[in-house]
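# Structural overview
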Amino acid sequence: MPDRAQKRFQNRVAIVTGASSGIGRATALALGGEGAKVTVTARRPERLGALAREIEMAGGAALPLAGDVTEADFRSRVVEETVERFGGLDHLVNSAGVIAFGTIENTGLDAWQRMFALNVEAVFDLMRLSVPHLLERKGSIVNVSSVNGIRSFPGVLAYNSSKSALDQLTRCSALELAAKGVRVNSVNPGVTRTELHLAGGLDDDRYAAFVEHSKTTHPIGRIGKPEEVADLALFLLSDDAGFCTGVTIPVDGGRHLTCAR
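The notes below deal with the structure included here. (Residues numbered from 1 in each chain as written. Predicted model: local features only at pLDDT ≥ 70, side-chain atom pairs only at ≥ 80, totals over all residues. Heavy atoms only, no water.)

## Description of the packing of aromatic side chains
Note the threshold: Note on aromatic contacts: the rings of Phe and Tyr and the six-membered ring of Trp form a pair at centre separations within 6.5 Å, being stacked when their planes are under 30 degrees apart, edge-to-face when over 60 apart, and tilted otherwise. A helix here means a DSSP run of H or I that spans at least four residues, while a strand means a run of E at least two residues long, and both kinds are numbered starting from the N terminus. The cut-offs for exposure are 20% and 50% of the maximum accessible area for each residue type, with area from a 1.4 Å probe on protein chains only; residues under the lower value are buried, those over the upper are exposed, and the others partly exposed.
Overall, the coordinates contain one aromatic pair when judged by the stated rule. On the numbers, 4.8 Å between centres and 25 degrees between planes, the contact of Trp-112 with Phe-116 is stacked. Of this pair, Trp-112 and Phe-116 both sit in helix α4 (residues 109-137), four residues apart, roughly one helical turn. Exposure remark for Trp-112: the relative accessible area of 31% places this residue in the partly exposed category.

## Quick notes on the pairing of strand β1 (residues 13-16)
Consecutive side chains of a regular strand alternate in pointing toward one face of the sheet and then the other. For clarity, the threshold we go by: Orient the strands so they point away from the viewer; a crossover is then right-handed if the path from the first strand over the helix to the second runs clockwise. Pairs of strands are assigned from DSSP output, requiring at least two bridges between the strands.
Burial along β1 is two-sided: the residues Val-13 and Ile-15 and Ala-14 and Val-16 are all buried. Each parallel crossover has a hand, and the one from β1 via helix α1 (residues 22-33) to strand β2 (residues 37-42) is right-handed. Pairing of β1 with strand β4 (residues 91-94) involves three bridges; the strand directions are parallel. Looking at the pairing, Val-16 lines up with Val-93 of β4.

## Examining the environment of Ile-150
Cut-off, in case you're wondering: Any two residues having at least one pair of non-hydrogen atoms within 4.5 Å are treated as being in contact.
Positionally, Ile-150 belongs in the loop between β5 (140-144) and α5 (157-177). With 72 residues separating them in the primary sequence, Ile-150 and Arg-222 have C-alpha atoms 20 Å apart. Sequence-distant contacts of Ile-150, that is, excluding residues within four places in its chain, are made with Asp-167, Asn-188, Thr-248 and Pro-250.

## A look at the side chain of Thr-192
We apply this condition: We call two N or O atoms a polar contact when they sit within 3.5 Å, provided that within protein one can donate a hydrogen and the other can accept it, with sequence-adjacent residues counted only if both atoms are side-chain atoms.
Structurally, the position occupied by Thr-192 is in the loop between β6 (183-189) and α6 (196-199). The class of Thr-192 is buried, set by a relative accessible area of 5%. Here Gly-190 takes part through its backbone oxygen, which lies 2.9 Å from a polar atom of the side chain of Thr-192.

## Describing the pattern of salt bridges
Any two side chains of opposite charge can pair if their charged atoms end up close together. Test applied: Salt bridge, as used here: a side-chain nitrogen of Lys or Arg that lies within 4 Å of a carboxyl oxygen of Asp or Glu.
For the structure on display, the rule yields 10 salt bridges. Arg-8 serves as the salt-bridge partner of Glu-34, at 2.8 Å between the closest nitrogen and oxygen. With Glu-34 in the loop between α1 and β2 and Arg-8 in the segment before β1, this pair connects stretches of sequence that are 26 residues apart. Judged by relative accessible area, Glu-34 falls into the buried class, the value being 0%.

## Let's talk about the packing of α1 against helix α8 (residues 226-237)
Going by this rule: Between the N-to-C directions of two axes lies an angle of 0 to 180 degrees, each axis being a line fitted to C-alpha atoms and, for a helix, fitted only over the stretch in contact. Roughly parallel means an angle under 35 degrees; roughly antiparallel, over 145; roughly perpendicular, 65 to 115; everything else is oblique. Crossing handedness follows the turn of the near helix against the far one: under a right angle anticlockwise gives a left-handed crossing, and clockwise gives a right-handed one. For this classification, Asp, Glu, Lys and Arg are treated as charged, while Ala, Val, Leu, Ile, Met, Phe, Trp, Tyr, Cys and Pro are nonpolar and the rest, including Gly, are polar.
The N-to-C vectors of α1 and α8 enclose an angle of 55 degrees; their axes lie 8 Å apart at closest approach. Put simply, α1 runs oblique to α8. Judged by the twist between their axes, the crossing of α1 over α8 is right-handed. Contacts from Gly-22, Ile-23, Ala-26, Thr-27, Ala-30 and Leu-31 in α1 reach Pro-226, Glu-227, Val-229, Ala-230, Ala-233, Leu-234 and Leu-237 in α8. Class assignment of the residues belonging to the contact of α1 with α8 gives a composition of 10 nonpolar, two polar and one charged.

## Re unusual backbone geometry
At Asn-11, a residue that is not glycine, the phi angle is positive and equals roughly 65 degrees. In this structure Asn-11 comes out as partly exposed when scored by relative accessible area, which is 47%. One non-glycine residue, Lys-138, lies in positive phi territory at about 55 degrees. Within the secondary structure, Lys-138 sits in the loop between α4 and β5. Assessed through its relative accessible area of 53%, Lys-138 is described here as exposed.

Listed below in C-alpha cells is the structure:
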C-alpha cells in the first residue's frame, strides 16, 4: 500500500459515483485521506453525509450530492457543481453499477436497458461532460468494471455484456485522449465484499452461499475487499501510473485465469 503521508492527491479534485458503499466508498475515503477534494454521489443522502464527514476528518474536503446518475440532469449537475465548488476537476471515478441475473432466454429488454443505462450510458456521459475540465489539468479517469468484462460467465448475460462494453469504452477513449494528456483505465474486480449482489436480488442466505462458493472459484481462496480495489484505482489515478492508459486490470484473486464454475 502507498504511504498515505505522501498525499499524492493534495488539493486535487475528484468525482466518485456509487460512493455510499463498497468500492466507491473505499475509493472516496482513500482519496480524501490523501488530501483530495471529493464530490461523492449516490442515491442515499444520509450515507453520503456520513461519508463526507469521514472524508473531512481524514484531511480532505467533500461535496455530497445525492441523486441518480442515470438521469442526465443530475449528471450535468454533478460536474457543474464540482467545478464551481472546487475550481476544476482532476479525476473521475465511475463506480456506480448494478448487477442482475438472467440468461438470453429470460432477460427482458427492459432489464437489459436498465443494466446499460447505469453501467455504460451514465459512465459515457459523465466522461463526456468531464473531459473538457480534465483536459485543462491533464487528469485521469478510472472506471470500475468487472472480471465479467474480461471473461464470460453464465447466468449474468446483461451484466457481462455491459462490463465488456465499459472496457471497450475505456480503451477507445484512452486512445482518443492520450495525446491530449488525459489517461483512462479500468479496474476489473472479482467478487468483492460489497452490496452489489444483495442489491441485484440475492437474499442473505443465497449471498452467504455465493460468497462461500466464490472461495473455490478464486484461486487465492477468498473474495476481495473494497479497499484492495480502491488501492489499485488510486494508483491508476495518480501520477505514479503516468505511463498507463487503456488498461483493464483484474483485481480478482486470479478469477480471470479460471474456467467458468
